[in-house]
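# Report on the structure
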Amino acid sequence: MATLTKNPNVNKWVDEMIALCKPEKVVWIDGSKEQLDELRAEAISTGEMIKLNEEKLPGCLYHRTLPNDVARVEDRTFICSRKKEDAGPTNNWCDPKEMYAKLTPMYDGVMKNRTMYIIPYSMGPIGSPLAKVGVEVTDSIYVVLNMAIMTRMGADAFKNLGDTSDDFVRGLHSKADVDPEKRYIVQFPEDNTIWSINSAYGGNVLLGKKCFALRIASYQGKNEGWMAEHMLILGIEKPNGEIKYVTAAFPSACGKTNLAMLIPPEGYTKRGYKVWTVGDDIAWLKPGPDGRLYAINPENGFFGVAPGTNAHSNYNALASTRKNTIFTNVAINNDDMTVWWEKLDNNPPVNATEWKGEKVNGPEYVAAGNKLAHPNSRFTAPAENCPCISPEFNNPQGVPISAIIFGGRRAKTAPLVYQSFNWQHGTFVGSIMASETTAAATGAVGVVRRDPMAMLPFCGYHMGDYWAHWLEMGKILGDKAPKIFNVNWFRTDENGDFIWPGYGDNMRVLDWIIDRCEGTVDAVETPIGYEPKPEDINVEGLDGITTETVADLLSVDKDLWKEEAKGIEEFYKKFGEKLPKEMSEELKNLEARLA
Ligand code: GTP
Ligand code: SPV
Ligand code: MN
């Protein structure tokens, strides 16, 4: 099949990949409906994908990955910069020459008897000055069909690249034998290259997402004066029609998709408030012509956590999955070929197939303490399906950001919300983020770990240099910089239950944040930052949550924070010389305020 571009850099690289992987057949993905329909039909005929109920879930497909391949694998993910110190203490590193030498034999002939699909795609709206082009070659139809949802995929992507540019990210993926012992997710930032092998799970194989749009892009952003962040983007429309945009960085499975699509409580919707979703996972941010910080969502769909998603917790996410969606590792209801997951409703299907493929009686299986869907099972849904997708979603200039919000899962330490004193202190607040681990990556769940800016698994270079880049961006933005906040929806009571209702009610906290950005509400100065007066968090219409509860959620336990400061000091030691002096200054200031 003929190439889709005259660009010699693309064609030369593709030829090299063909020579290496030796596929039986090569297919360039042009993005046409006919081609995608053919691929769907093929995947259904081979059993790789399962067709779901055409009336209830039109255009939807089901896929299951191997039980050993259900999440990102941080211990097998590498940043192969030429110098070890450029990867830094938070990344696995290997010399690029060594890594190429190790992986090349694994790719050699790996696609014999298989088809190689060549996927051109754009991260960001085609034609946007913030967009970037990638090409992924893969032997997986699942990858092609997911990339069709998650990116602007097809021949049009080459329009942005032109016929001569070399500025595209080269992604090579093979599921090979899906052998967990030979699984590697490798970024070569200086080569604009990603090699992924022996996995078929989303975050490891949809190379436009974490590998490119965060790991490679964060490195590009440092060199080119912009930022790639693990952030949702949302717009809050006020009764007067004005829309304020905020971004929020929470670690994996800590609530970005939920916050991005929230439906405000009745008291707010009645007054005319509305929330618009621009992105749910990744933001690319760059100063605009007016000096403010602008954000685009480089993605075109949502790769969202299924369990916990229901009409009450996230109506908009659920609605987004009702057509043209791919479900991975959820359960199937065999009676009507629909899907189910934990907390979708209280009625697990009787005639169910659980995520590993075993036919079970759902209610009995669940009653025995099993999960029908994997905790990290996901939906891949087109952004255009989302009832609250922002009218600015495709705006090539992006949206101007008023506030940046950090947050994570902390049972005790972090209060419901606080504001940093300024950008430098805000950078510090992001750098000391910690959160309980989730099922989004393999390994223990529920262990508190430092996850600066929710970028621990995604920063493509030295985290110390990354903080320096944040500080530098603050200087460029000056008084036009967004205000920086921290939130925590996950404080628990003595029984371990969440105190704050969360979800749509998080609007009450966003409300205060927006008021702070506009300078229309006071705050209380605490050792960790500015906090709301408890009465300034609107609790109208909340069941069992009073201003006293809010006061409790805002309490700062000095002893816990002194412990916290020790933990930060320990963590900071890792970064040695590369720790910006401003960060240690901020730590000293915090300690002084706590003393
Ligand atoms: P990634 O896609 O992995 O980056 O995750 P995400 O940050 O988009 O997480 P998501 O919104 O999918 O939320 C993951 C889990 O957090 C789900 O189980 C949600 O039910 C739960 N969650 C989200 N928001 C809240 C909240 O406000 N309160 C509580 N208690 N749980 C929440
Ligand atoms: C995350 O783990 O933060 C995700 C899902 O958004 S994945 O694409 O698998 O990384
Ligand atoms: Mn994510």
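So, a few notes on the structure that sits alongside this text.

The rules we used
Residues numbered from 1 in each chain as written. Chains lettered and ligands numbered in written order. Predicted model: local features only at pLDDT ≥ 70, side-chain atom pairs only at ≥ 80, totals over all residues. Heavy atoms only, no water. Helix = DSSP H or I, 4+ residues; strand = E, 2+ residues; numbered from the N terminus. Buried < 20%, exposed > 50% of the residue type's maximum accessible area, 1.4 Å probe, protein only. Contact = heavy atoms within 4.5 Å. Near = heavy atom within 4 Å. Polar contact = N/O pair within 3.5 Å; in protein donor to acceptor, adjacent residues only side chain to side chain. Areas by Shrake-Rupley, 256 points an atom, 1.4 Å probe, with all protein chains shown as cover. Nonpolar A, V, L, I, M, F, W, Y, C, P; charged D, E, K, R; others polar. Domains from an automatic or database assignment. Donors = N, O, S within 2.8 Å, 3.2 Å for Na, K, Ca; no water. Tetrahedral: all angles 85-135°; square planar, octahedral: opposite > 155°, others 65-115°.

This paragraph deals with the side chain of threonine 437. Topologically, threonine 437 is positioned in the loop between strand S26 (434–436) and strand S27 (448–450). Judged by relative accessible area, threonine 437 falls into the buried class, the value being 17%. Residues within four places of threonine 437 in sequence aside, it is in contact with Ala444, Val445, Gly446, Val447 and Arg449.

The next thing to look at is the site of ligand 2. Around ligand 2 sit Arg72, Tyr201, Gly203, Lys209, Lys210, His230, Ser252, Asp281, Phe303, Arg378, Ala440 and Phe458, and that is every residue in its neighbourhood. Arginine 72 is positioned with one of its side-chain polar atoms (N or O) 2.9 Å from an oxygen atom of ligand 2. The separation between an oxygen atom of ligand 2 and a polar side-chain atom of aspartate 281 is 3.3 Å. If ligand 2 stood free it would expose 280 Å²; the protein chains cover 98% of that surface. Broken down by class, the residue content of the shell around ligand 2 amounts to four nonpolar, three polar and five charged. Two domains each put at least three residues into the shell around ligand 2: domain 1 (8–48 + 73–224) and domain 2 (229–299 + 391–594).

The environment of ligand 1 is formed by 21 residues, the closest being Ala253, Lys256, Asn258, Arg378 and Tyr503. Here an oxygen atom of ligand 1 and a backbone polar atom of cysteine 254 are 3.4 Å apart. Here an oxygen atom of ligand 1 and a side-chain polar atom of asparagine 258 are 2.8 Å apart. Of all the secondary-structure elements, those providing two or more residues to the shell around ligand 1 are helix H9 (256–260) and strand S17 (301–305). A per-element tally of the shell around ligand 1 places H9 first, with three residues. Broken down by class, the residue content of the shell around ligand 1 amounts to 10 nonpolar, seven polar and four charged. No fewer than three residues from each of domain 2 (229–299 + 391–594) and domain 3 (302–385) sit in the shell around ligand 1.

Moving on, we come to the coordination of the manganese ion (ligand 3). Coordination of the manganese ion (ligand 3) by the protein comes from Lys210 (NZ), His230 (NE2) and Asp281 (OD), over a distance range of 2.2 to 2.3 Å. Considering all six donor atoms around the manganese ion (ligand 3), angles at the metal cover 69 to 173° and the coordination shape is irregular. Between consecutive donors of the manganese ion (ligand 3), the numbers of intervening residues give the motif K-x19-H-x50-D. In this pair, lysine 210 sits in helix H8 (residues 208–224) while histidine 230 sits in the loop between strand S11 (227–229) and strand S12 (231–237), placing the two residues 20 residues apart along the sequence. The same class applies to lysine 210 as to histidine 230, namely buried.

These values are about where atoms sit, not about what they do.
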